[in-house]
Amino acid sequence: MLARVDAIAPLPENVLSLSTARRAWNGVSLDVNEWRGSGRVAHQFPHQTETRLIALLEEVGSPCEPRLRENQPCAAGYRPRHMDFAPAGMEMWGYSADVRFVRDATLMFDFAAMDERLATRFDREATATPRLRFSDDRIWSLVRLLAEVVNDPDPSAQLYGDGLTTAIMARLFADPPQPGADGKGLAPWQLRRVVDHLDAHLPERIDLARLAALAGLSQSHFSRAFKASTGMAPYHWQLDARIRRAQALLIDSRATLDQVAEATGFADAVHFGRTFRKLIGATPATWRRDRKS
């Protein structure tokens, strides 16, 4: 089953357009949403009667934030590629202070159908425990692959999606979260100091030794703790932030690809384009055109 909805009304304040693609595999329904905005956006997540996983695939503008109440900021700190798991009946809101473009995926789980089709009993404690702004690169990558075939009419896409949803469910409900090697992340003040430094020097070369010194840790201890706190290595964090800044420039300005590359610390437009395509799945020119059309 697949469908696409291109005009959903009423739209939340400052949301300029919203489209949703839908499909189902293995007792898992998937909504892939793309929306453009201009300014502050606060909206209530749909499907509150269902258990769901929300994965942020792309964001341009101020970071998107999950909230339990519209005016109550999230206690969990920002993480790129974050996800949120909400049991059935749990109210959730999405918030951004100044958003331009967002692409997200919402998976909704029918456990009765899943138990029957997969001949598996899922841990009910795991399915009833909410998780906000958590990171798991494996799950996020699987969700992104699933989102890419939501509109694929090829018959093989069904088997492909069945395999992906099975892997997502096994990782989400059967495997415990994987902490850092020492099981401990950075203290809030350490993470804030490091992230502020990364943001302030985004296009520049930054040494691991400098970041470790800011946190008062050895380089090896810092690397493990940073990944435990954010779900990403420091290198991937910085690269992700540079690509997000490039996306903002592509949408909000008429800068050439050479200018965007220079502003975000890439050697040239070729290097920028190659990295952008590897991480985003499209060339910068194609990505810009699709979001300005």
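Residues numbered from 1 in each chain as written. Predicted model: local features only at pLDDT ≥ 70, side-chain atom pairs only at ≥ 80, totals over all residues. Heavy atoms only, no water.

A. Region of interest: the UniProt feature "domain: HTH araC/xylS-type" (unreviewed entry) in the chain. Per the UniProt record, "domain: HTH araC/xylS-type" (unreviewed entry) is found at residues 192–290. Between the end C-alpha atoms of residues 192–290 the distance is 35 Å, and the span holds 75% helix and 0% strand. (UniProt positions renumbered as here; feature names shortened; annotations may be inferred. Helix = DSSP H or I, 4+ residues; strand = E, 2+ residues; numbered from the N terminus.)

B. Structural detail: helix α7 (residues 219–230). With 12 residues, α7 ought to run about 16 Å at 1.5 Å a step, and its terminal C-alpha atoms sit 16 Å apart, in line with that. Buried-residue contacts for α7 involve α5 (188–200), α6 (208–215) and α8 (234–252). Here α7 starts with a cap whose side-chain oxygen sits 3.2 Å from the backbone nitrogen of H221, and that cap is S218. Just past α7, the residue G231 takes up positive phi, approximately 80 degrees. (Expected span 1.5 Å × (residues − 1). Contact = heavy atoms within 4.5 Å. Polar contact = N/O pair within 3.5 Å; in protein donor to acceptor, adjacent residues only side chain to side chain.)

C. Molecular detail of the pattern of salt bridges. Scanning all chains against the criterion turns up 12 salt bridges. Note that R81 and D240 form a salt bridge whose closest N and O atoms lie 4.0 Å from each other. One end of the pair, R81, is in the loop between β5 (65–67) and β6 (83–86); the other, D240, is in helix α8, and 159 residues separate them in sequence. Among the salt bridges present, the one from R171 reaches D136, with a minimum N-O distance of 2.9 Å. Of this pair, R171 sits in helix α4 (residues 156–174) while D136 sits in the loop between β8 (131–134) and α3 (137–148), and the two are 35 residues apart along the sequence. We note that R171, like D136, is buried. Sharing partners across several salt bridges, the network here consists of R81, D137, D240 and R244. (Salt bridge = Lys/Arg side-chain N within 4 Å of Asp/Glu carboxyl O. Buried < 20%, exposed > 50% of the residue type's maximum accessible area, 1.4 Å probe, protein only.)

D. α3, seen in detail. Between the first and last C-alpha of α3 there are 17 Å, a value that for 12 residues agrees with the 16 Å anticipated at 1.5 Å per step. Those residues of α3 that sit buried are I139, W140, L142, V143, R144, L146 and A147.

E. The arrangement of the packing of aromatic side chains in detail. Using the criterion set out here, one finds 11 aromatic pairs in the structure. Summarising the aromatic geometry, the rings of F276 and W287 are spaced 5.9 Å apart at their centres and angled 75 degrees between planes, so their arrangement reads as edge-to-face. Of this pair, F276 sits in helix α10 (residues 269–280) while W287 is found in helix α11 (residues 284–292), placing the two residues 11 residues apart along the sequence. The class for F276 is buried, based on a relative accessible area of 0%. Take W287: its relative accessible area is 1%, and that puts it in the buried class. An aromatic cluster of at least three residues, connected via ring pairs, comprises F101, F266, F272, F276 and W287. Over the aromatic face of Y95 sits the side chain of R67, whose NZ or CZ is 3.8 Å from the ring centroid. (Phe/Tyr/Trp six-rings, centres within 6.5 Å; stacked < 30°, edge-to-face > 60°. Lys NZ or Arg CZ within 6 Å of the ring centre and 35° of its normal.)

F. Representation of the confidence of the model for the chain in the model. For the chain, the mean per-residue pLDDT works out to 86, and 90% of the residues sit at or above 70. The spread of mean pLDDT over the elements of the chain runs between strand β1 (residues 2–5), the lowest at 49, and β6, the highest at 95. (pLDDT = per-residue confidence, 0-100.)

G. A look at empty space enclosed by the protein. Within this structure, the stated rule accounts for two cavities of 30 Å³ or more. Forming the walls of the largest cavity are 18 residues, and the residues nearest its centre are F45, L56, C64, G94 and D104. Mapped onto the lining of the largest cavity, the elements with two or more residues apiece are β3 (28–44), β4 (51–61), β5, β6 and β7 (93–109). Considering every element that reaches the lining of the largest cavity, the biggest residue donor is β7, with five residues. (1 Å grid on protein atoms, 1.4 Å probe; cavity = no way out; pocket = protein on both sides within 12 Å on 5 of 7 lines; lining within 4 Å. Points joined across faces, edges and corners; volume = space filled by probe spheres on them.)

H. Expanded view of unusual backbone geometry. We note that N14 has phi near 75 degrees; this positive angle belongs to a residue other than glycine. Tracing the sequence through the fold places N14 in the loop between β1 and β2 (15–25). Among the residues examined, N14 registers a relative accessible area of 29% and is labelled partly exposed. One non-glycine residue, N26, lies in the positive phi region at around 55 degrees. By the secondary structure assignment, N26 is in the loop between β2 and β3.

I. Spatial organisation of the environment of Q72. Relative to the helices and strands, Q72 resides in the loop between β5 and β6. Judged by its relative accessible area of 41%, Q72 falls in the partly exposed class. The spatial distance from the C-alpha of Q72 to the C-alpha of L132 is 14 Å, given a sequence separation of 60 residues.

J. The arrangement of the packing of α5 against α6 in detail. Interhelical geometry of α5 versus α6 gives an angle of 145 degrees and a closest axis separation of 8 Å. The hand of the α5/α6 crossing is right-handed. Of the residues in α6, those in contact with W189, Q190, R193, V194, H197 and L198 of α5 are R210, L211, L214 and A215. (Axes fitted to C-alpha atoms, helices over the stretch in contact; angles between N-to-C directions. Left-handed = near helix turned anticlockwise from the far one by under 90°.)

K. Inspection of the layout of surface pockets at higher detail. The computed volume of the largest pocket comes to approximately 450 Å³. Lining of the largest pocket is provided by 26 residues; of these, L57, E58, Q247, I280 and W287 occupy positions nearest its centre. Sorting the residues of the lining of the largest pocket by element identifies β3, β4, α3, α8, α10 and α11 as the ones contributing at least two each. Class assignment of the residues belonging to the lining of the largest pocket gives a composition of 10 nonpolar, four polar and 12 charged. (Nonpolar A, V, L, I, M, F, W, Y, C, P; charged D, E, K, R; others polar.)

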